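# Overview (structure and organization)
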Amino acid sequence: MIKYKQLYSYVLIALLIQFDSCKPEKTPEKEIVEEDFITYVNPFIGTGGHGHTFPGATLPFSMVQLSPDTYTRGWDWCSGYHYSDSSIMGFSHTHLSGTGRGDLMDIMMMPTVGEVKWNPGSRENPDEGYRSRFSHSNEEASPGFYSVFLEDYEIQASLTVTPRTGFHQYQFPASQKANILFDLTHGRKGDKEIEAYMSVKNDSLITGLRRSSGWAEDQYVYFAARFSKSFQQYTFQVEGEVLNENISAVGNQIKGAFHFRTKEGEKIYVKVGISPVSEEGALNNLDTENPGWDFDMVKKHAQQNWEQELRKIRVESDHHDRKEIFYTAAYHSYLAPYLFTDIDGKFRGADKKIHTADNFTRYTVFSLWDTFRAAHPLYTITQKERVHAMILSMLSHYDEYGLLPEWPLMGTETFTMIGYHSIPVIADAYFKGIRDFDVEKAYKAMKNSAMQDHFGINHYKKHNYIPSELENKSVSKTLEYAYDDWCIAQMAKALGKDEDYQYFMNRAGAYKNVFDTSSGFMRGRKADGSWVTPFDPTYASHSGYDFVEANAWQYTWFVPHDVQGLVNLMGGESQFIAKLDSLFNVNSKIEGEDVSIDITGLIGQYAHGNEPSHHVAYLYNYVGQPWKTQEKVHQILTELYDNTPEGLSGNEDCGQMSSWYLLSAMGFYPVNPMGGVYAMGTPIFDKVTIQVDDGKTFVIEANNLSKENIYVQSVTLNGEVLERTWISHQEIMNGGQLIFEMTDIPNTTRGIHEENYPPDHIIF
């Protein structure tokens with residue numbers, strides 16, 4: 001059983017450590033915090049199954065994710081850790097949260113006793129190497145803190161962090177041969193070490209570099225590590241050769257062991273600063289951000305930082321498990337993107353040159369194919385200042401690379417997944433009033449990304465769809481490009497660029513060209529206009545097909561900017577409703593020999609474990625049957641999320657899976673991520689209070705809520721009856737009160753008229 005430490009009552013005190021952009025907001029002196037929201041966070045949620053999360057210590061949107069690694073191969077080890085394992089290789093400083101592809105795990109450390117073992121050994125036989133067995137009963141995790149007992153060495157390892165540093169506390173047994181091992185070869189399978197060094201500066205300070213190429217090509221991680229106790233000796237290993245007298249090791253396959261004598265229960269602390277820029281940057285980050293040796297104080301500040309973020313949304317409910325799921329979802333939503341500037345403002349750009357951020361914080365790790373859907377709209381409510389910095393980061397990437405980011409990982413463009421989804425993120429911020437950036441440059445960057453000739457865009461421009469035989473994933477790309485083009489069109493209209501508006505609106509209608517009226521599905525089409533045959537809407541292929549990580553059942557619904565247009569293509573509301581009903585009721589079997597492992601969390605052919613389905617349950621609102629949205633959303637909330645390690649139905653994907661839960665649990669969701677409109681679902685908490693602009697709050701209450709009462713009988717907004725099945729972003733940010741009256745019987749008379757349907761968008 002997992003141990004959860006009961007944290008002391010939170011009292012905000014002045015920070016003693018500079019937390020740069022991660023610094024919490026000040027709390028009024030008279031405010032009394034009645035509840036510690038961090039006690040509801042369970043970082044082990046998603047570490048089992050296919051969640052791909054990590055349990056280690058980190059801060060909101062920070063550079064360091066200090067976490068244990070249990071294995072570096074296999075799809076379910078993309079974060080380096082899986083709850084099914086029983087041995088630990090060590091603790092590395094960078095990790096990805098919930099991605100479907102692995103990387104990072106840089107600068108790995110492992111405390112040991114006895115003769116040094118230079119290789120980690122295997123999960124099957126930890127005695128072969130420096131691994132150690134552990135038990136989940138002796139493992140603890142909370143926001144900003146992780147601890148585990150390493151059974152083979154009788155060492156208690158505890159971890160905490162500042163934004164750019166990891167802080168290790170190792171409590172040793174009595175030993176004449178206590179060691180702290182650094183393994184710079186350690187990393188995800190496929191992540192090749194291409195340059196490394198480790199240098200001893202004195203008997204308590206080392207510095208080094210791990211430069212590697214994997215999913216992130218040519219990634220630099222410099223580090224500086226200070227020990228609280230002088231090491232008596234040290235040993236390097238370079239390409240398998242042990243070196244006993246060198247003050248530095250340079251080359252490939254670099255490892256180092258630092259040796260101590262320890263008394264029973266003696267604690268040795270190691271502080272590690274990292275930097276993408278330089279050794280000096282790593283040392284400056286370390287000494288500026290973490291100057292002392294008070295582990296408990298740094299841990300306390302990390303907890304306070306998380307408390308400030310989590311308390312932006314206050315949930316009132318007697319349902320403890322749901323509160324754990326909710327606040328862990330908030331925790332996961334606020335892990336990425338990652339801080340990528342040193343404390344002096346320097347960063348390594350997408351051009352691999354060193355730049356200095358001009359009055360903004362540079363971020364990286366934007367999983368945009370996932371996060372543009374719900375995570376970024378959530379940030380416009382709870383992270384407005386960071387949204388500004390994220391957009392400036394995207395524009396900085398454009399300055400360095402010539403295109404907006406698609407999936408940037410540690411400053412490197414990976415071109416993973418499809419679409420140019422920086423565009424809806426930037427446009428959404430613009431229309432929500434977050435405009436403190438060069439709008440004309442942003443618009444030019446949007447056009448550059450949309451007018452390039454790569455990734456099938458050349459075919460798309462020529463045919464107004466992508467022919468199946470000319471480009472892999474042709475239908476998915478057509479649909480997602482069409483949506484992004486609609487976002488550009490709205491920006492063009494707002495900026496008075498009428499010709500561009502007409503051009504991109506024409507492209508926004510490209511979805512119509514891949515809809516087959518005879519089958520009622522989006523379908524692959526050839527350049528001559530003929531449909532791809534044979535056709536099976538349940539068929540999926542991960543390596544090559546007309547759809548990406550989905551099939552026709554799941555992608556047919558991706559027209560968030562023109563739901564009415566899709567309804568018309570299907571023949572009207574009755575046919576649309578019948579098709580939508582079928583989606584949730586048909587057999588869940590996915591056909592094909594190379595079915596994508598990402599297609600999980602199935603209800604019929606609806607796949608909640610992968611992002612293309614995330615808006616679909618809300619589409620009943622657009623055809624006058626909101627009670628069906630309420631049924632399906634409640635089912636997803638209660639059946640596909642729980643507070644166990646297997647509590648996510650698919651990859652967390654840098655916050656998207658959790659952001660869906662946060663918004664949906666409160667009772668609304670952005671079907672069109674750039675529309676400023678939230679379609680209503682069904683809330684699962686008695687009361688939720690969101691801190692919004694200027695000290696205002698938006699309160700959501702659900703009266704008569706119970707296990708049976710999942711349907712919405714009526715809604716009022718600030719005392720006025722609301723017949724429509726949506727609210728606007730501006731109504732939330734203005735503050736106020738949204739009250740749901742709940743019942744156990746579907747209300748089939750509310751929201752049934754077209755004037756009550758959610759609009760595709762509102763331009764403020």
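See the structure above.
Just so you know, these numbers come straight off a predicted model, no measurement behind them. (Residues numbered from 1 in each chain as written. Predicted model: local features only at pLDDT ≥ 70, side-chain atom pairs only at ≥ 80, totals over all residues. Heavy atoms only, no water.)

### Concerning the sheet that holds strand E33 (residues 687–691)
Read from one edge of the open sheet, six strands run E20-E33-E34-E38-E35-E36, paired in mixed fashion. The outermost strands of the open sheet, each flanked by one partner alone, are strand E20 (313–316) and strand E36 (720–721). With six bridges connecting them, strand E35 (residues 711–717) and strand E38 (residues 736–743) associate as antiparallel partners. Across the sheet, the residue bridging to Tyr 711 is Thr 743, located in E38. (Pairing = 2+ DSSP bridges. Helix = DSSP H or I, 4+ residues; strand = E, 2+ residues; numbered from the N terminus.)

### Comments concerning the packing of aromatic side chains
Scanning all chains against the criterion turns up 52 aromatic pairs. Note on Phe 415 and Phe 455: the rings are 5.1 Å apart at their centroids and 35° apart in plane angle, and the pair reads as tilted. Residue Phe 415 is found in the loop between strand E26 (412–413) and helix H7 (422–431), and its partner Phe 455 is found in the loop between helix H8 (439–451) and helix H9 (457–463); the two are separated by 40 residues along the sequence. Judged by its relative accessible area of 28%, Phe 415 is partly exposed. (Phe/Tyr/Trp six-rings, centres within 6.5 Å; stacked < 30°, edge-to-face > 60°. Buried < 20%, exposed > 50% of the residue type's maximum accessible area, 1.4 Å probe, protein only.)

### Overview of the pairing of E35
Here two bridges tie E35 to E36, and the two strands are oriented antiparallel to one another. The residue bridging Thr 716 from the neighbouring strand is Val 721, located in E36. Turn length for the E35-E36 hairpin, with the two strands adjacent in sequence and antiparallel, is two residues, and the turn residue Asn 718 shows positive phi of about 55°.

### Looking at the environment of Val 221
Relative to the helices and strands, Val 221 is located in strand E14 (residues 219–227). Sequence spacing of Val 221 and Tyr 618 is 397 residues, and the spatial spacing of their C-alpha atoms is 43 Å. If sequence neighbours within four positions are ignored, Val 221 has contacts with Asp 106, Ile 107, Gly 208, Leu 209, Arg 210, Ile 274 and Ser 275. (Contact = heavy atoms within 4.5 Å.)

### Quick notes on the pairing of strand E12 (residues 192–202)
Sheet topology note: the E12/strand E13 (residues 205–213) ladder contains nine bridges and is antiparallel. Across the sheet, the residue bridging to Glu 195 is Arg 211, located in E13. Hairpin connection of E12 to E13: two residues between the antiparallel strands.

### Some details on the packing of helix H6 (residues 384–401) against H7
Where H6 meets H7, the axes come as close as 10 Å, and the angle between the chain directions of the two elements is 135°. Considering their axes alone, H6 and H7 lie oblique with respect to each other. H6 and H7 meet at a crossing whose hand is left-handed. Between H6, through Val 387, Ile 391, Met 394 and Leu 395, and H7, the contact on the second element is made entirely by Ser 422, Val 425, Ile 426 and Ala 429. Each residue belonging to the contact of H6 with H7 can be placed in one class, and the counts come to seven nonpolar, one polar and no charged. (Axes fitted to C-alpha atoms, helices over the stretch in contact; angles between N-to-C directions. Parallel < 35°, antiparallel > 145°, perpendicular 65-115°, else oblique. Left-handed = near helix turned anticlockwise from the far one by under 90°. Nonpolar A, V, L, I, M, F, W, Y, C, P; charged D, E, K, R; others polar.)

### With respect to unusual backbone geometry
In this model, Ala 336 is joined to Pro 337 through a cis peptide bond whose omega is 0°. Within the fold, Pro 337 resides in the loop between helix H3 (320–333) and strand E21 (338–339). A cis geometry characterises the amide bond from Thr 533 onward to Pro 534, with omega recorded as -5°. Assignment of secondary structure puts Pro 534 in the loop between strand E28 (521–522) and helix H12 (552–555). Despite not being glycine, His 52 shows a phi value in the positive range, around 65°. As for its placement among the helices and strands, His 52 is situated in the segment before strand E1 (57–58). Given a relative accessible area of 2%, His 52 falls into the buried group. Although it is not a glycine, Asp 694 adopts a positive phi angle of roughly 55°.

### Quick notes on the state of the cysteines
Applying the stated rule across the entire model yields zero disulfides. Not part of a disulfide, Cys 654 finds its nearest cysteine sulfur in Cys 78, a span of 11 Å. (Disulfide = S-S within 2.5 Å.)

### Brief notes about the sheet that holds strand E32 (residues 677–680)
Taken together, three strands build an open sheet; the order of strands is E31-E32-E37 and the sheet is antiparallel. Of all strands in the sheet, those bounded by a partner on one side alone are strand E31 (668–669) and strand E37 (726–728). In this sheet, E37 lies alongside E32 in antiparallel orientation, the contact comprising three bridges. When the bridges of E37 are listed, Val 677 appears paired with Ser 728.

### Topic: the packing of H8 against helix H11 (residues 498–508)
Two numbers describe how H8 lies on H11: the axes approach to 13 Å, and their chain directions differ by 40°. Here H8 lies oblique to H11, going by the angle between them. Seen from above, H8 lies across H11 with left-handed handedness. From H8, Tyr 443, Lys 447, Ala 450 and Met 451 reach across to H11, where they touch Asp 500, Tyr 503, Phe 504 and Arg 507. Its residues placed into classes, the contact of H8 with H11 shows five nonpolar, no polar and three charged.

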